[in-house]
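Architecture and fold: a report
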Amino acid sequence: MKREISPLCALSLSLTAVLLIAGLGAVIAGALVPNVVLPAMDVPMLAALSLIALALETVVFGHGSREWVASLAVAVVDFGLLSLCTGRVSASEAVRAAALGGVVFLCCEVLFHSILDRLSSGSAGKHLKSAAVVTAVLLWLASQSMAGMGL
Amino acid sequence: MNRKELAWSAGALVLACLVLVLTRTAMASTAERRAAQEQQAMMETLLPGGVTFTPETYDGEDENITAIWKSETGYVVETVVDGYAGPIRQWTGVDESGSVTGLVVRDMEETLGLGREALTDVSFLGQFVGTRGQAAVGEGVDAITGATVTSKAIAKGVSSAAAYVTGADVSTSATEWGG
């Protein structure tokens, strides 16, 4: 599939958009409903945000080659800065969010694209967008085994 | 990624940060006002008859107690006790005689579908209303199915709150695991 921008740029834009929406939700919910108990920033939550971004990237921009180290750097910066900007975490918690978010994101990305690489070479390649969504859902379900592990 | 794309990515990130900070700033006064209103309403619910809730300093030995508010009819005690996945912060209303008048879990990180049910399980939380002194799972209090540690932690918080008013001794050991 032809891409207009590089996979890394697409990934960066997707992840920023997803984390912005999640951050806005947390800020607005915290202001309007003070007694709301927001989900913890544990592995399943970080995996959910990562997988939504990966699925969004594939659906909007298509499936392309990966730069793992650069992806990790993008994820670390995005998770750290945007969590800090919500005002709901301290600086040290933002650093932990950056580190854990980066690792979780990288693991999700490797698994996500490994599965998609195989699917895209087969008959499912005609339905790549659906395959991306299904892959993301299945990986998130798998991440539930790590509920409670987090910041 | 070429320079143009790098600029797009960096620009998007900066814009996202700005949006979050500006939203937070714009909603700060609303957040403060709503938090105060919600706190007052919640405390009035936990402690019927209470109107004014004045923070009090706690200098006792119970490490579970983190804050206390004194009112006309009793106290609202905030406790933080370690649950299964993280600390559980709860408010317990206790009248002057040491009887629990209300309980609400304010914050927790427990497992979705298990310990997290304690947020809304009225039948579980209602067991503590009217108790005096020690509240213990298995001794008059039924735990939430599949969430024994969470249940024990909440019971420990209630015991600490009641003990503050009655002056009873309370164990501040870690929440026990197992049945």
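Above this note sits the structure.
Attention here is on the structure that accompanies the text. (Residues numbered from 1 in each chain as written. Chains lettered and ligands numbered in written order. Predicted model: local features only at pLDDT ≥ 70, side-chain atom pairs only at ≥ 80, totals over all residues. Heavy atoms only, no water.)

1. Structural notes on helix 4 (residues 148-166) of chain B
Within an α-helix, residues lying three or four positions from one another point in the same direction, as the helix has 3.6 residues per turn. Put simply, the rule is: Elements are defined by DSSP. Helices are runs of H or I of four residues or more, strands are runs of E of two residues or more, and each kind is numbered from the N terminus. Helices are assigned an expected span. That span is 1.5 Å times one less than the residue count. Only protein chains enter the accessibility calculation, which uses a 1.4 Å probe; a residue is then buried when its area is under 20% of its type maximum, exposed when over 50%, and partly exposed in between.
Between its terminal C-alpha atoms helix 4 of chain B stretches 26 Å, which fits the 27 Å expected from 19 residues at 1.5 Å a residue. For helix 4 of chain B, the buried fraction is high: 15 of the 19 residues fall into the buried class.

2. As for a nonpolar patch on the surface
What counts, and what does not: Patch rule: a residue counts if its relative accessible area is over 30% and it has no salt bridge; like charges are joined within 9 Å, and nonpolar side chains (Val, Leu, Ile, Met, Phe, Trp, Tyr) within 5 Å. Here, Shrake-Rupley sampling with a 1.4 Å probe gives the accessible areas, and only protein chains in the shown set may cover a residue. What counts as a salt bridge is simple: a side-chain nitrogen of Lys or Arg found within 4 Å of a carboxyl oxygen of Asp or Glu.
Side chains of A:V133, A:V134, A:V137, A:L138, A:W140 and A:L141 sit close together on the surface and give an oily, nonpolar patch of about 520 Å² of accessible area. Checked against the element boundaries, A:V133 lands in helix 5 (residues 128-143).

3. Some points on the interface of chain B and chain A
Our working rule: Contact between two residues is taken to exist if any of their heavy atoms lie within 4.5 Å; hydrogens are not considered. Here the buried area means the combined drop in accessible surface, using a 1.4 Å probe, for two parts upon being joined, counting both sides. Any N or O atom pair separated by 3.5 Å or less is treated as a polar contact, with the protein-specific requirement of one donor-capable and one acceptor-capable atom, and with residues adjacent in sequence counted only for side-chain atom pairs. Amino acids outside the nonpolar list (Ala, Val, Leu, Ile, Met, Phe, Trp, Tyr, Cys, Pro) and the charged list (Asp, Glu, Lys, Arg) are all regarded as polar, and Gly is one of them.
Each side of the interface is counted separately: chain B has 27 residues, and chain A has 32 residues. Taking both partners together, chain B and chain A bury about 2400 Å²; carbon and sulfur atoms supply 75% of that area. Counting every contact that joins chain B to chain A gives zero salt bridges. At the junction of chain B and chain A, the tally comes to three residue pairs in polar contact (both at pLDDT 80 or more). For the side of chain B that touches chain A, the residue count by class is 15 nonpolar, four polar and eight charged.

4. Focus on helix 4 (residues 91-120) of chain A
Residues and elements named next belong to chain A. With 30 residues, helix 4 ought to run about 44 Å at 1.5 Å a step, and its terminal C-alpha atoms sit 41 Å apart, in line with that. Among all positions in helix 4, only A94, A97, A98, G101, G102, V104, F105, C108, E109, F112, H113 and L116 are buried. Contact partners of the buried residues in helix 4: helix 1 (7-32), helix 2 (43-61), helix 3 (68-85) and helix 5.

5. Here's the deal with the nonpolar core
As a rule of thumb, nonpolar side chains are buried together in soluble globular proteins. Convention followed: Working definition of a nonpolar core: buried Ala, Val, Leu, Ile, Met, Phe, Trp, Tyr and Cys residues. They are joined through side-chain atoms within 4.5 Å.
Ranked by size, the top nonpolar core spans 34 residues in total, and within it A:L15, A:L51, A:L54, A:F79, A:L82, A:F105 and A:F112 carry the most contacts. Within the residue set of this core, elements represented by two or more residues are helix 1, helix 2, helix 3, helix 4 and helix 5 of chain A together with helix 1 (3-26) of chain B. It is helix 2 of chain A that provides the largest number of residues to this core, a total of eight residues. In contact with A:L82, not counting residues within four places along its chain, are A:T16, A:L19, A:L20, A:V77, B:L13, B:A16, B:C17 and B:L20. Ranked by size, the runner-up nonpolar core spans 19 residues in total, among them B:L103, B:V105, B:V141 and B:I144.

6. Re the pattern of salt bridges
Residue and element names in this part refer to chain B. Counting across every chain of the model gives five salt bridges over all chains. Among the salt bridges present, the one from E96 reaches K70, with a minimum N-O distance of 3.9 Å. Note that E96 is positioned in the loop between strand 4 (87-95) and strand 5 (100-107) and K70 in strand 2 (residues 65-70), a separation of 26 residues in sequence. Here E96 falls in the partly exposed class, since its relative accessible area comes to 44%. According to the relative accessible area criterion, K70 is partly exposed, its value standing at 29%. With its nearest N and O atoms 2.9 Å apart, the salt bridge here joins E78 to R89. Taken as a pair, E78 in strand 3 (residues 74-82) and R89 in strand 4 lie far apart in primary sequence, eleven residues in all. With relative accessibility at 11%, the residue E78 sits in the buried group. Of the residues examined, R89 reaches a relative accessible area of 28% and is grouped as partly exposed.

7. A look at the pairing of strand 2 of chain B
Two faces belong to every sheet, and in a regular strand the side chains alternate between them. Residue and element names in this part refer to chain B. To keep it simple, the criterion reads: The pairing criterion for strands is at least two bridges between them, as found by DSSP.
The sheet contact formed by strand 1 (residues 54-56) and strand 2 spans three bridges and is antiparallel. Paired with E56 across the strands is I68, a residue of strand 2. Hairpin connection from strand 2 to strand 3: three residues lie between these consecutive antiparallel strands.

8. Regarding the side chain of B:S151
Residues and elements named next belong to chain B. Here S151 shows up in helix 4. A polar contact is formed between the side chain of S151 and the backbone oxygen of A147, at a distance of 2.7 Å. Residues in contact with S151, not counting those within four places in the same chain, are F124, V137, A143 and I144.

9. Description of the packing of helix 1 of chain A against helix 2 of chain A
All names here are of chain A. What counts, and what does not: Working convention: axes come from line fits to C-alpha atoms, limited for helices to the stretch in contact. Angles between N-to-C directions cover 0 to 180 degrees. Working rule for angles: under 35 degrees goes down as roughly parallel, over 145 as roughly antiparallel, 65 to 115 as roughly perpendicular, anything else as oblique. Helix crossings are classified by the rotation of the near helix relative to the far one: an anticlockwise turn of less than a right angle makes the crossing left-handed, while a clockwise turn makes it right-handed.
With their axes 8 Å apart at the nearest point, helix 1 and helix 2 run at an angle of 130° to one another. With respect to each other, helix 1 and helix 2 are oriented oblique. Considering the relative orientation of helix 1 and helix 2, their crossing is right-handed. In this structure, helix 1 uses P7, A10, L11, S14, L15, V18, L19 and A22 to contact helix 2, whose residues at the interface are L49, I52, A53, L54, L56, E57 and F61. Classifying every residue of the contact of helix 1 with helix 2 by side-chain character gives 13 nonpolar, one polar and one charged.

Structural measurements only, silent on function.
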